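Breakdown of the fold
Spelled out from the first residue to the last, the chains are:
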Amino acid sequence: MAVSDHVDLSTFMEGVKKRNPGQTEFTQAVQEVAQDVFGFIADKEEYHSAQILRRMAEPDRVLSFRVCWEDDNHNIRVQRGWRVQNNNAIGPYKGGIRFHPSVTESVLKFLAFEQTFKNALTGLPMGGGKGGSNFNPRGKSDSEVMRFCQSFMTELYRHIGPDTDVPAGDIGVGGREIGYMFGQYKRITNRWEGVLTGKGIEYGGSQMRPEATGYGAVYFLRNMLKHQGHDVEGKTAVISGSGNVATHAAEKVTQLGGKVLTLSDSGGFIHDPDGISQEKIDWIKHLKTVKRGRISEYVDEFSSASYHEGERPWGVTCDLALPCATQNELNEDEAKMLVKNGVQGVSEGANMPTTLEGVHVFHDAKIMYGPGKAANAGGVAVSGLEMSQNAERISWNEERLGEMLTELMEGIHGKCVEYGDDGNGYVDYVKGANIAGFKKVADAMLAFGVV
Ligand code: NDP
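None of these values were measured; they are calculated from a predicted model. (Residues numbered from 1 in each chain as written. Predicted model: local features only at pLDDT ≥ 70, side-chain atom pairs only at ≥ 80, totals over all residues. Heavy atoms only, no water.)

**Quick word on the domain arrangement of the protein chain**
- Under the domain assignment used here, the protein chain contains domain 1 (3-56), domain 2 (61-192) and domain 3 (211-366).
- The interface is formed by 10 residues belonging to domain 2 together with 8 residues belonging to domain 3.
- Among the residues domain 2 hides against domain 3, the three largest losses belong to Phe110, Arg138 and Arg176. Together they make up 49% of the total.
- At the surface where domain 2 touches domain 3, the tally comes to 0 salt bridges.
- Joining domain 2 to domain 3, the criterion identifies 3 residue pairs in polar contact (both at pLDDT 80 or more).
- The greatest single-element share of the side of domain 2 that touches domain 3, amounting to 4 residues, is contributed by helix α5 (residues 105-122).
- Class assignment of the residues belonging to the side of domain 2 that touches domain 3 gives a composition of 4 nonpolar, no polar and 6 charged. (Domains from an automatic or database assignment. Contact = heavy atoms within 4.5 Å. Buried area = accessible area lost by both parts, 1.4 Å probe. Salt bridge = Lys/Arg side-chain N within 4 Å of Asp/Glu carboxyl O. Polar contact = N/O pair within 3.5 Å; in protein donor to acceptor, adjacent residues only side chain to side chain. Helix = DSSP H or I, 4+ residues; strand = E, 2+ residues; numbered from the N terminus. Nonpolar A, V, L, I, M, F, W, Y, C, P; charged D, E, K, R; others polar.)

**Overview of a negative patch on the surface**
- On the surface, a cluster of negative charge is contributed by Glu279, Asp282, Asp300 and Glu301.
- Of all elements in the fold, only α10 (278-289) and α11 (298-301) reach the threshold of two or more residues within the negative patch.
- Take aspartate 300: it is sitting in helix α11.
- With relative accessibility at 68%, the residue aspartate 300 sits in the exposed group. (Patch = residues over 30% accessible without salt bridge, like charges linked within 9 Å, V, L, I, M, F, W, Y side chains within 5 Å. Areas by Shrake-Rupley, 256 points an atom, 1.4 Å probe, with all protein chains shown as cover. Lys, Arg positive; Asp, Glu negative; His and termini not counted. Charge placed at Lys NZ, Arg CZ, Asp CG, Glu CD. Buried < 20%, exposed > 50% of the residue type's maximum accessible area, 1.4 Å probe, protein only.)

**Some points on the packing of α5 against helix α15 (residues 377-392)**
- Orientation of α5 relative to α15, taken along the N-to-C sense of each, is 65 degrees, at an axis distance of 9 Å. Remark: the crossing between α5 and α15 carries right-handed chirality. Side by side, α5 and α15 meet where Gln115, Lys118, Asn119 and Thr122 of the first sit next to Ala377, Val380 and Ala381 of the second.
- Among the residues making up the contact of α5 with α15, the classes are represented as 3 nonpolar, 3 polar and 1 charged. (Axes fitted to C-alpha atoms, helices over the stretch in contact; angles between N-to-C directions. Left-handed = near helix turned anticlockwise from the far one by under 90°.)

**What about the site of the ligand?**
- If you check the shell around the ligand, you find 26 residues, and the closest are Asp170, Thr213, Ser266, Arg294 and Asn351.
- Valine 245 places a main-chain nitrogen or oxygen 2.9 Å from an oxygen atom of the ligand.
- Here the ligand, which alone exposes 890 Å², has 82% of that area covered by the protein.
- At the level of elements, α8 (209-227), α9 (244-255) and β7 (259-265) are the ones that each hand at least two residues to the shell around the ligand.
- Residue assignment places the shell around the ligand across two domains, with domain 2 (61-192) and domain 3 (211-366) each supplying three or more. (Near = heavy atom within 4 Å.)

**Remarks on the environment of glutamate 386**
- Within the fold, glutamate 386 resides in helix α15.
- Between the C-alpha atoms of glutamate 386 and lysine 340, which are 46 residues apart in sequence, the distance is 42 Å.

**Thoughts on the nonpolar core**
- Core analysis: the largest hydrophobic core is formed by 54 residues, its most contacted members being Phe220, Ile239, Leu263, Ile276, Leu322, Leu405 and Ile412.
- No other element matches α8, which puts 9 residues into this core.
- Viewed by domain, this core spans two of them, domain 2 (61-192) and domain 3 (211-366), each represented by three or more residues.
- Listed in part, the 38 residues of the second largest apolar core include Phe38, Phe40, Ile41 and Ala112. (Core = buried A, V, L, I, M, F, W, Y, C linked by side-chain atoms within 4.5 Å.)

**Structural notes on α5**
- For α5, which comprises 18 residues, the first-to-last C-alpha distance of 26 Å matches the rise-based estimate of 26 Å (1.5 Å per residue) to within 8%.
- Positive phi shows up at glycine 123, right after α5, with a value of about 85 degrees. (Expected span 1.5 Å × (residues − 1).)

**Topic: the sheet that holds strand β3 (residues 93-99)**
- Taken in spatial order, the 5 strands make up an open sheet running β1-β2-β4-β3-β5, and their pairing is mixed. Here the strands that pair on one side only, and so sit at the sheet edges, are β1 (61-70) and β5 (165-168). Averaged over all pairs of adjacent strands, the angle between strand axes in this sheet comes to 20 degrees, irrespective of strand direction.
- As paired strands, β3 and strand β4 (residues 128-133) are joined by 3 bridges and run parallel to one another. The residue bridging phenylalanine 99 from the neighbouring strand is serine 133, located in β4.
- Contacting β1, β2 (76-87), β3, β4 and β5, helix α6 (residues 142-156) crosses the sheet at an angle of about 140 degrees to β1. (Pairing = 2+ DSSP bridges.)

Set out below in structure tokens:
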């Protein structure tokens, strides 16, 4: 059989599963893209004969390394670190670093794969990568986090650079961790360069970067609603998570006149029927980033709310749902519950928070559904703008960056509509995002020949 002979989707997926045994998150992410791309390339021989999708589903490289550090009691601790450099066809590898006990090679490969399409959708020259460690920052002292970050960077620095690979934050990696890692990179290399994004404003960070992912997810939702003649104003929203993405999504929903009913963490969710106002969001930001507390403490402060231990918020009746915590946090039954309760739009601040079965529920019910790779691309887009500012040694103001973020999200929405409109008034945003992202990266790869 010639290599250009077409294989069907299930044969393709069998191969992916065989080559990546036990990597369920990664194969799930590839399947989600492949099912749309197969339709698109059915009559496009050039992509088949160049084996483009097969090549995209094989990371350029996966780096794995030991991270050794000493805790406050002088115990030697050993963690594993990774950087997955998935694809640099259209620009340097770009994607966050995650510190969480659930991090595995499969999780990072899925995230790096998704990131490749997301970054292409922004229209900025960025390839896809992701990294992290199974280190759990929760309960660690500042000194322990610093020693871990320094040890992690002592290995990572040799693999990254402003034109090679530019990591950023993700779960468990915020301003504090980026500061420690950037400081160590600078110390080792004796170079100040834009090698990480999400930096503090004092040392080369960009205005709007902390807000960008959460705000962007709400702008995407607003664009979806507008496309159908609706608005965020007056609508109720259920949000999961209480980290960077969730709190900024909550802030933007509130600013646009919506009412946020829930937020959560891995312990449970809080439900505040009075709405989580800006003042309450500020209190949560302080709780999470300064006091490093738990969302359950909210009910001690605000008596209008209830805490639901060990539960997720998807049973609360709402117009809008924004999963902003982690992958696979909204399953088929929960999607059905949201639909039954009348949800109109779902916008994913997190990466792959809805299971494949859950996504099918939203599609079958013709719910406006914005997948993470499109809806949460605002974060990496402003990271791309941080890279430009660093390269030019300039900084743009908040107003200008806010406008650029709004325009970027409109552009991403437009690309999804271009490839995802079914002609009957329904937009399949997953299909639109997958095809638009695929096409850009695939065409660049075709130009390079067999590399
Ligand atoms: P943070 O670390 O700031 O917050 C993560 C939040 O999710 C916390 O509330 C955390 O709760 C909760 N969470 C984490 N793991 C689980 C779990 N297994 N079950 C339930 N809740 C969980 O991360 P971010 O806000 O930055 O990231 C959230 C999501 O958004 C991730 O999917 C990330 O990949 C995605 N994303 C982030 C971007 C960014 O710019 N930061 C860019 C694009 C996507 P707890 O405190 O209990 O751990």
